[in-house]
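These are the residues of each chain, in order.
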Amino acid sequence: MTRRAPAADPTQYELPLFAGSAEAIGIASIVATRTPAPTAAPAVQPPAARIAPPLFRHPRAAREIDLGRVVVAYEFQRVRRRSIGMVVSAEGLSVRAPRWVGIGEVEAALREKSAWIQAKLAEQHERACKHEAARIEWRDGASLPFLGETVILVLDARATGALLNTDADALPGVARLTLHIGLPQGAGTEQIRDVVQAWLKRQARRIFEERCAHFAPRLGVQVRRLALSSAETRWGSASADGSVRLNWRLVHFAMPTIDYVVAHELAHLREMNHSARFWDVVRSVIPDLDTARGALRHETVPVFD
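Residues numbered from 1 in each chain as written. Predicted model: local features only at pLDDT ≥ 70, side-chain atom pairs only at ≥ 80, totals over all residues. Heavy atoms only, no water.

J.: Describe in detail the overall build of the protein, supporting the description with residues and values.
T.: Scanning the protein for helices and strands turns up seven helices and 15 strands. Across the 305 residues that make up the protein, the buried fraction comes to 44%. (Helix = DSSP H or I, 4+ residues; strand = E, 2+ residues; numbered from the N terminus. Buried < 20%, exposed > 50% of the residue type's maximum accessible area, 1.4 Å probe, protein only.)

J.: Requested: an account of the packing of helix α4 (residues 189–219) against helix α5 (residues 255–267), with residues and values cited.
T.: Closest axis-to-axis distance for the α4/α5 pair is 10 Å, and the angle between their directions is 55 degrees. Considering their axes alone, α4 and α5 lie oblique with respect to each other. Between α4 and α5 lies a crossing whose hand is right-handed. On the side of α4, the interface is formed by Ile207, Phe208, Arg211, Cys212, Phe215, Ala216 and Leu219, while α5 contributes Met255, Ile258, Asp259, Val262, Ala263, Leu266 and Ala267. (Axes fitted to C-alpha atoms, helices over the stretch in contact; angles between N-to-C directions. Parallel < 35°, antiparallel > 145°, perpendicular 65-115°, else oblique. Left-handed = near helix turned anticlockwise from the far one by under 90°. Contact = heavy atoms within 4.5 Å.)

J.: Tell me about the packing of aromatic side chains, and please be specific about residues and values.
T.: Geometry of an aromatic ring pair is reported as the spacing of the ring centres plus the angle between the planes. All chains considered together, the criterion is met by four aromatic pairs. Ring centres 4.9 Å apart and planes at 50 degrees place the aromatic pair Phe146 and Trp199 in the tilted group. With Phe146 in strand β9 (residues 143–146) and Trp199 in helix α4, this residue pair connects regions lying 53 residues apart in the sequence. Its relative accessible area of 5% is what places Phe146 among the buried residues. Ring geometry for Phe278 and Trp279: centres 4.9 Å apart, planes at 75 degrees, overall edge-to-face. One cation-aromatic arrangement involves Lys113 over Trp116; the distance from NZ or CZ to the ring centre is 6.0 Å. Arg293 extends its terminal NZ or CZ atom over the ring of Trp279, reaching a point 4.8 Å from the ring centre. (Phe/Tyr/Trp six-rings, centres within 6.5 Å; stacked < 30°, edge-to-face > 60°. Lys NZ or Arg CZ within 6 Å of the ring centre and 35° of its normal.)

J.: Hey, could you go over the environment of Arg205 for me, with residue numbers and the actual values?
T.: Along the chain, the position of Arg205 falls in helix α4. For Arg205, a relative accessible area of 32% translates into the label partly exposed. For the pair formed by Arg205 and Val251, sequence separation is 46 residues and the distance between their alpha carbons is 9.5 Å. With residues up to four places along the chain from it excluded, the contact list for Arg205 reads Leu226, Ala227 and Leu228.

J.: Got a sec to walk through unusual backbone geometry? Specific residues and values, please.
T.: One non-glycine residue with positive phi stands out, namely Leu147, at about 55 degrees. Relative to the assigned elements, Leu147 resides in the loop between β9 and β10 (149–155).

J.: Got a sec to walk through the environment of Val223? Specific residues and values, please.
T.: Relative to the elements of secondary structure, Val223 occurs in the loop between α4 and β13 (225–229). Sequence separation of Val223 and Glu209 is 14 residues, and the distance between their C-alpha atoms is 9.7 Å.

J.: So, the sheet that holds strand β12 (residues 177–181): which residues are in play, and what are the values?
T.: Ordered by their spatial adjacency, four strands build an open sheet running β9-β10-β12-β11, and the pairing between neighbours is mixed. For this open sheet the edge positions go to β9 and β11 (162–166), each flanked by a neighbour on one side alone. Here the strands of the sheet are splayed against their neighbours by 35 degrees on average, with no regard to which way each runs. Taken together, the four bridges between β9 and β10 define a ladder with antiparallel strand orientation. In the strand pairing of β10, Leu144 is matched with Val151. (Pairing = 2+ DSSP bridges.)

Shown next, in the form of structure tokens:
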């Protein structure tokens, strides 16, 4: 699930936000052969006399193909390359083909990869739905995850800043954590978001410092600099000079997941790679690392905008 930093800098490693970027996005290619180009099909096929299948449309769609169970309107570009390339991203399907390859061969390649394309489009659609569902409505009574638990936001003008209250006697299924925010009921959404985000970042730094202090001596490393990250593509990174960066959004996860990421980055201070030796170092302090890193793949981080 990890990846090497750019080859030009072998002294730094990163933990990506979404495991296996190529797999998560969906990238494939098919070698094109020089065969006579068949007659080009029209850019948009007329609708068949049946119930229309679901449509996945790229915002820059130039062509459309019926793959049986779905209709895919895809971005199409002619480029200087030897193979037909396909990428499924959040926007949809993009296809790039050599200038000398006919449309018929391109569409044959798409049909050959039909199952893969449909699976990747479905994954992106599911990811988009989860992303939208995770969007926070910044108001009194809103909720968000903190250390794996649900926190309810309470606008309380009597409070100063933000104060976390714990109800140890809360009933099962009822959130036991409330974050009292020193703002009036009429506070704007941006005000509420900014206060909550600042509080979360303070908690993140405190927790990361504690966990680095816990794991560093056990791993035989020294953290010379710890910084918070707001990166959108990785959970953490480490450099050979002892610098460690950890994404503050990790505070949404339970402690076993935070410990895994911290230990992962500190382990890079001993092994600047992802060799078997590196994973042995991580497992020396996180024996059940597969469970911990599984949460990074499957749990949804709340959307703050």
